[in-house]
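# An overview of the molecular structure
The lines below spell out each chain.
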Amino acid sequence: MKKRLQALAMVVTLAICAMGTTACSSEEKAPAEAPATEAPAETPAEAPAESDAQEPAKDGGWVIGYICKDLSQEWFQGTLKAIEETALSMGASKVIALDCEMDPEKSLNNLDQLIAQNVDIIIICPPDQGLSQTIVDRCNEAGIPVFADADGLIVDGKHIAPALELNAYVVGSGMGEWLANYVNTEMDLAADADSIGYMRMTMNEVSSCVPRAEGAKDAFLAGCPDFDESKIIDANYDGTTEAGYDVVAATITAHPEITKWIVTAPNDEGAGGATRALEAANLDKDACVVGAGAYIAKDEFKKEYSCFKSAAYFSSTETGTQEAIAAIEYLRDGKEIFGDYKDTYEGDNEYGTYPLGGIMVDPTNYQEVMGADAE
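First things first, this report covers the structure right here in the doc. Fair warning: this is a prediction, and the values are worked out from it, not measured in the lab.

### Thoughts on the overall build of the protein
Across its full length, the protein carries 13 helices and 14 strands. Counting only residues that meet the buried cut, the protein has 50% of its 375 residues in that class. Across the protein, every contact between residues at least 6 apart in sequence was considered, and the portion connecting residues at least 24 apart equals 71%. By element, 50% of the accessible surface of the protein is carried by carbon and sulfur atoms, the whole surface being about 18000 Å².

### Comments concerning the pairing of strand S7 (residues 163-166)
Here S7 shows no split at all, with Ala-163 and Glu-165 on one side and Leu-164 and Leu-166 on the other all buried. With two bridges joining them, strand S4 (residues 146-149) and S7 adopt parallel strand pairing. The partner of Asp-149 across the bridge, within S7, is Leu-164. Two elements, S7 and strand S13 (residues 353-356), share four bridges in a ladder whose sense is parallel. Across the sheet, Glu-165 pairs through a bridge with Pro-355, a residue of S13.

### Brief notes about helix H6 (residues 132-142)
Each α-helix winds once per 3.6 residues, and so residues spaced three or four apart point in a common direction. For H6, the complete set of buried residues consists of Ser-132, Ile-135, Val-136, Cys-139 and Ala-142. With its buried residues spanning 130° around the axis, H6 presents them on a single face. Just downstream of H6 lies Gly-143, where phi reads positive at about 70°.

### Thoughts on a negative patch on the surface
Negative charge collects at one region of the surface, where Asp-128, Glu-205, Asp-238, Glu-242 and Asp-246 lie side by side. Relative to the assigned elements, Asp-246 resides in helix H9 (residues 241-254).

### Digging into the sheet that holds S7
What holds strands together in a sheet is hydrogen bonding between their backbones, with the strands either parallel or antiparallel. Reading across the sheet, the six strands line up as S2-S1-S3-S4-S7-S13 and stay open at both edges, with parallel pairing between neighbours. Because the sheet does not close on itself, it has two edges, and the strands there are strand S2 (94-99) and S13. The mean inter-strand angle of the sheet, taken between neighbouring strand axes irrespective of direction, is 20°.

### Considerations on the sheet that holds strand S10 (residues 260-264)
If you trace the six strands from one edge of the open sheet to the other, you get S9-S8-S10-S11-S12-S14, paired in mixed fashion. Each end of this open sheet is capped by a strand with a single partner; those strands are strand S9 (232-236) and strand S14 (359-361). Pairs of neighbouring strands in the sheet enclose a mean axial angle of 20°, with direction left out of account. For S10 and strand S11 (residues 288-293), the ladder comprises three bridges, and the chain directions are parallel. Within S11, the position partnered with Ile-262 by the bridge is Cys-288. Most of the contacts of helix H7 (residues 168-186) go to S11, to which it runs at about 160°, and overall it touches strand S8 (196-202), S10, S11, strand S12 (308-313) and S14. Set on the sheet, helix H10 (residues 268-280) makes contact with S8, S10, S11 and S12; between it and S11 the angle comes to about 155°.

### Section: H9
For H9, built from 14 residues, the straight-helix expectation of 20 Å at 1.5 Å per residue is met to within 8% by its first-to-last C-alpha distance of 20 Å. Where H9 is buried, its residues touch S8, S9, S10 and H10.

What counts and what doesn't
Residues numbered from 1 in each chain as written. Predicted model: local features only at pLDDT ≥ 70, side-chain atom pairs only at ≥ 80, totals over all residues. Heavy atoms only, no water. Helix = DSSP H or I, 4+ residues; strand = E, 2+ residues; numbered from the N terminus. Buried < 20%, exposed > 50% of the residue type's maximum accessible area, 1.4 Å probe, protein only. Contact = heavy atoms within 4.5 Å. Areas by Shrake-Rupley, 256 points an atom, 1.4 Å probe, with all protein chains shown as cover. Pairing = 2+ DSSP bridges. Arc of directions from axis to C-beta. Patch = residues over 30% accessible without salt bridge, like charges linked within 9 Å, V, L, I, M, F, W, Y side chains within 5 Å. Salt bridge = Lys/Arg side-chain N within 4 Å of Asp/Glu carboxyl O. Lys, Arg positive; Asp, Glu negative; His and termini not counted. Charge placed at Lys NZ, Arg CZ, Asp CG, Glu CD. Axes fitted to C-alpha atoms, helices over the stretch in contact; angles between N-to-C directions. Expected span 1.5 Å × (residues − 1).

Here it is in structure tokens:
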């Protein structure tokens, strides 16, 4: 009799599952070894877009995907470390990090890989902001929320997804102000006007870096109003140390009349490349380079002499920590990603943008300001 009842129960259960009740479809998932065709084909189309999803999919065990444009850079290594430590401490089971090595096509391949793995959320630093719409569209189609790290996902000047970005113009202004103070106290601008040139390194293809260069120039001229603007020379590069070296070396060669260079770069890689190029040209003793990030500058500060004299310090630890917190709070609580920062940019407030600030450091204060990051 007991066996008959068990058999009858099994028949009833199979019948219910065949009818597609929520009890079977929501509680039982296809085994890992099942072919991909057995996964619910409707999931991507039915999954809500990020702005509509308010309920957490599960309680813990989330998988976070992180696509970085260049993991060889110390800044992004620090960001990834902080994402991993914070996310895992808050209940994530894994962080999958992929490096696109500044290759736009590889970035999209990495994105497809994370979507295929059905990660719970994606954080991406795009190597080309022209990919922004494609990135957001693919994530929306898959029902996977996405937000930007460092360089926003932007179309026609407006964010189309949340982001963590530097308050770039303010950071650049700090760099330009520091440089102006240096010129006014350490150089004789009146006597050496003909031999001093200001090389303003730029990254015109990265929207978050353009205001850094603009802010640096504006603040420098405000502090040195008598500086001849015809001696301000722009040098555009792609953000890498190698490209920074090449563009600075070429600029030096093109302007033999300038023997005393002052330089601002929108990241530490560019400033490091400029430093090496000035050394190679034997012009470093009368030069001053200012960077952004301080993760390379700190090692220059420890040398007996370096023309890399200052940098705007912003913490990769803070970056990764805030991004991980935003991701987990969205997945766990349905909290809008960086929703408290919708007023960061006037007229661009559909999505929150966390504003990361900067503090100018040099050999006199970097250890106190940077703490453990100075090591």
